[in-house]
Amino acid sequence: MRTVTVVGASLAGLYAARALRSEGFDGRLVVVGAERHRPYDRPPLSKTFLTQRPPAGPEPARLELCDRDEEAGLAAEWHLGTRATALDTVGRTVTLDDGRTVRPLRTDGVVIATGGAPRTLPGPPPAGVHTLRTVDDAVALRAALHDGTPRVVVIGGGFIGAEVASSCAALGLPVTVVEAAPLPLVPQLGIDMARVCAGLHADHGVRLLCGTRVKGLLDDGAGRVRAVELADGRLLDADTVVTGIGVRPATGWLTGSGLRLDDGVVCDAGGVTAAPRVVAVGDVARYAGVRSEHWTSATEQPATAVRNLLAGATVARHTALPYFWSDQYGARLQLAGRRGPHDTVRIVEGDPGDRSFLAVYESDGRTTAAFAVNRPRPFMRLRRRLATEAPEPCGPPGPPAAPAGAPGAAPWPYCSAANAPRCAAPTPGA
């Protein structure tokens, strides 16, 4: 291969570019990104980025994941502020649109790393309604939160929604979280641990409304949001609304490409798609039936996928243990492993009432996962042990996995129950 194009200047896209050079690829490396920013770190966007006032807060450049020296070492062509609009897997071209011109780019190999886009409520949103995915989203939301004392409603009680609510509480703002499920995070953590997380909201004066859906948003007649209407008829006064109901994989540009698309780009356990010399990584990719919206997946999958891309076949599989963390209300939540829906949970250290404990999930006498609140050291020891003991989740390398819902297809690993109609397990974050 003489040219490889990484579509998506994201965390996963950057790690794919690094992996290509580490594996000895010395050809033309093209990185295409829809945002105008170079790859940056997303986890702070729902946390410290929001709580610090704009003049003192980290600017986008300070979130960048690589410095100019590393960028020079990658020797990549960066096409930022440029969208990929089509992929021709037969003609080996990616169609690019920079807002001025539309042109084809010939390439020998493709790494798809386009991530996802926030799900939104139906209809055009009034002013004052925000999603949080990009640094530009975060800049706009931060400005709103620091403009007086806005009444905030967060729709969705998943990890991102909880982190935004935590940041609002730290700013002293009145905030209400609306969650459609009976408790937030039940698919990820189970009922007992979900109750603990719900308690974190109450501990810090955040109102949590569960088991009710949003009917719509009401404006003030001038195009600005004034209230959130719930399905049960209640109205929640709001100056700022944050919608955190999950992410949909950014695959629209791949329609007609011949790739299998089903809740993401369908891949085998090594990130290899049905098209030759095309792999996928990060939030957009479904590896052997599982799509993981984790920081760790975005950093670990590219090494495997790139190795397979350069080999022209699946010679390696991604088998790393799922891991996720979230910072809420001054507490660090950490989850590792593969919790099953019927696993039992047991506290092995600390006390949930003190908001500091370590718990394990077990099935048939075997530890399947670990969850901790404010117990980072014992958690990391247990995480390392789980990584050595956990059975591999997938079969031998082979063709891309069956679509979701097919026999043997696995559920999503981490998504909020409120995140999407097909969510039956966990999501994103950190």
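A brief look at the structure comes next.

**Observations concerning the overall build of the protein chain**
Alright, step 1. When helices and strands are counted, the protein chain shows eight helices and 26 strands.
Alright, step 2. Long-range contacts, defined here as pairs at least 24 residues apart, represent 63% of the contacts in the protein chain between residues at least 6 apart.
Alright, step 3. Of the roughly 17,800 Å² of accessible surface on the protein chain, 51% is carried by carbon and sulfur atoms.

**Remarks on the environment of Arg234**
Alright, step 1. Checked against the element boundaries, Arg234 lands in the loop between β14 (225-230) and β15 (235-237).
Alright, step 2. Assessed through its relative accessible area of 36%, Arg234 is described here as partly exposed.
Alright, step 3. With 19 residues separating them along the chain, Arg234 and Lys215 place their C-alpha atoms 9.7 Å apart.
Alright, step 4. When residues no more than four places from it in sequence are discounted, the contact partners of Arg234 are Arg207, Leu209, Thr212, Val228 and Glu229.
Alright, step 5. A distance of 2.7 Å separates polar atoms of two side chains, one belonging to Arg234 and the other to Asp232.

**A look at helix α7 (residues 295-311)**
Alright, step 1. Taking 1.5 Å of rise per residue, the 17 residues of α7 would be expected to cover 24 Å, and the 26 Å separating its terminal C-alpha atoms lies within 8% of that figure.
Alright, step 2. The sharpest bend along α7 reaches about 30° and sits at Gln301, with the proline Pro302 one to four residues further on.
Alright, step 3. For α7, the full list of buried residues reads Thr296, Ser297, Ala298, Thr299, Gln301, Pro302, Thr304, Ala305, Val306, Asn308 and Leu309.
Alright, step 4. Residues of α7 that are buried sit in contact with β1 (3-7), α1 (11-22), β7 (109-112), β19 (278-280), β20 (285-287) and β22 (323-328).
Alright, step 5. Note on α7: the residue one or two positions beyond its end, Gly312, has a positive phi of about 80°.

**With respect to the packing of aromatic side chains**
How two aromatic rings sit relative to each other is set out by the distance from centre to centre and by the angle between their planes.
Alright, step 1. A complete count under the given rule lists five aromatic pairs for this structure.
Alright, step 2. Their ring planes at 45° and their centres at 4.2 Å tell us that Phe159 and Phe324 sit as a pair that is tilted. With Phe159 in helix α5 (residues 159-170) and Phe324 in strand β22, this pair connects stretches of sequence that are 165 residues apart.
Alright, step 3. Where Tyr323 meets Trp325, the ring centres are 6.2 Å apart and the plane angle is 25°; that geometry is what we call stacked.
Alright, step 4. Under the relative-accessibility criterion, Tyr323 is labelled buried at 8%.
Alright, step 5. The rings of Trp295, Tyr323, Trp325 and Phe379 are connected pair by pair, giving a single aromatic cluster.
Alright, step 6. Lying across the ring of Trp78, Arg38 places its NZ or CZ 5.4 Å from the centre.
Alright, step 7. Arg142 extends its terminal NZ or CZ atom over the ring of Phe49, reaching a point 4.1 Å from the ring centre.

**Overview of the pattern of salt bridges**
Alright, step 1. In total, this model carries 25 salt bridges according to the counting rule given.
Alright, step 2. Ionic pairing is found between Arg68 and Glu71, a salt bridge with its closest N-O pair at 3.5 Å. Separated by three residues within a single helix, Arg68 and Glu71 lie in helix α3 (residues 68-74), roughly one turn from each other.

**Quick look at the sheet that holds strand β9 (residues 129-130)**
Remark on secondary structure: sheet strands pair via backbone hydrogen bonds, oriented parallel or antiparallel.
Alright, step 1. The five strands are arranged β9-β16-β10-β11-β12 in an open sheet whose pairing can be described as parallel. Of all the strands in the sheet, just β9 and β12 (207-210) have a single pairing partner and so form its edges.
Alright, step 2. Strand direction decides the pairing type here: strand β10 (residues 152-155) and strand β16 (residues 240-243), joined by four bridges, are parallel. Counted as the bridge partner of Val152 is Thr240 from β16.
Alright, step 3. Where helix α4 (residues 135-145) meets the sheet, it contacts β9, β10 and β16, and its direction lies at approximately 150° from that of β16.

**Quick look at the nonpolar core**
Alright, step 1. Counting 47 residues, the largest nonpolar core has Leu87 and Ile112 as its most contacted members.
Alright, step 2. Element by element, the count of residues in this core is highest for α1, at seven residues.
Alright, step 3. By size, the runner-up hydrophobic cluster in this structure holds 38 residues, among which are Val164, Leu189, Met193 and Phe371.

**As for the sheet that holds strand β18 (residues 265-267)**
Alright, step 1. With respect to topology, three strands assemble into an open sheet ordered β18-β20-β21, the strand pairing being mixed. In the strand order of this sheet, the two ends are held by β18 and β21 (290-291), each with one partner.
Alright, step 2. Note that β20 and β21 share two bridges and pair antiparallel. When the sheet's bridge partners are listed, Arg286 is paired in β21 with Arg291.

**Details of α1**
Alright, step 1. The end-to-end C-alpha distance of α1, which contains twelve residues, comes to 16 Å, matching closely the 16 Å that a straight helix rising 1.5 Å per residue would cover.
Alright, step 2. Buried residues dominate α1, accounting for nine of its twelve residues.
Alright, step 3. On its buried face, α1 sits against β1, β2 (28-33), α3, β7 and α7.
Alright, step 4. Immediately downstream of α1, the backbone of Gly24 shows phi near 95°, a positive value.

Reading guide: rules and limits
- Residues numbered from 1 in each chain as written.
- Predicted model: local features only at pLDDT ≥ 70, side-chain atom pairs only at ≥ 80, totals over all residues.
- Heavy atoms only, no water.
- Helix = DSSP H or I, 4+ residues; strand = E, 2+ residues; numbered from the N terminus.
- Contact = heavy atoms within 4.5 Å.
- Areas by Shrake-Rupley, 256 points an atom, 1.4 Å probe, with all protein chains shown as cover.
- Buried < 20%, exposed > 50% of the residue type's maximum accessible area, 1.4 Å probe, protein only.
- Polar contact = N/O pair within 3.5 Å; in protein donor to acceptor, adjacent residues only side chain to side chain.
- Expected span 1.5 Å × (residues − 1).
- Bend = angle between axes of the 7 residues up to and from the residue.
- Phe/Tyr/Trp six-rings, centres within 6.5 Å; stacked < 30°, edge-to-face > 60°.
- Lys NZ or Arg CZ within 6 Å of the ring centre and 35° of its normal.
- Salt bridge = Lys/Arg side-chain N within 4 Å of Asp/Glu carboxyl O.
- Pairing = 2+ DSSP bridges.
- Axes fitted to C-alpha atoms, helices over the stretch in contact; angles between N-to-C directions.
- Core = buried A, V, L, I, M, F, W, Y, C linked by side-chain atoms within 4.5 Å.

In short, geometric facts, not functional conclusions.
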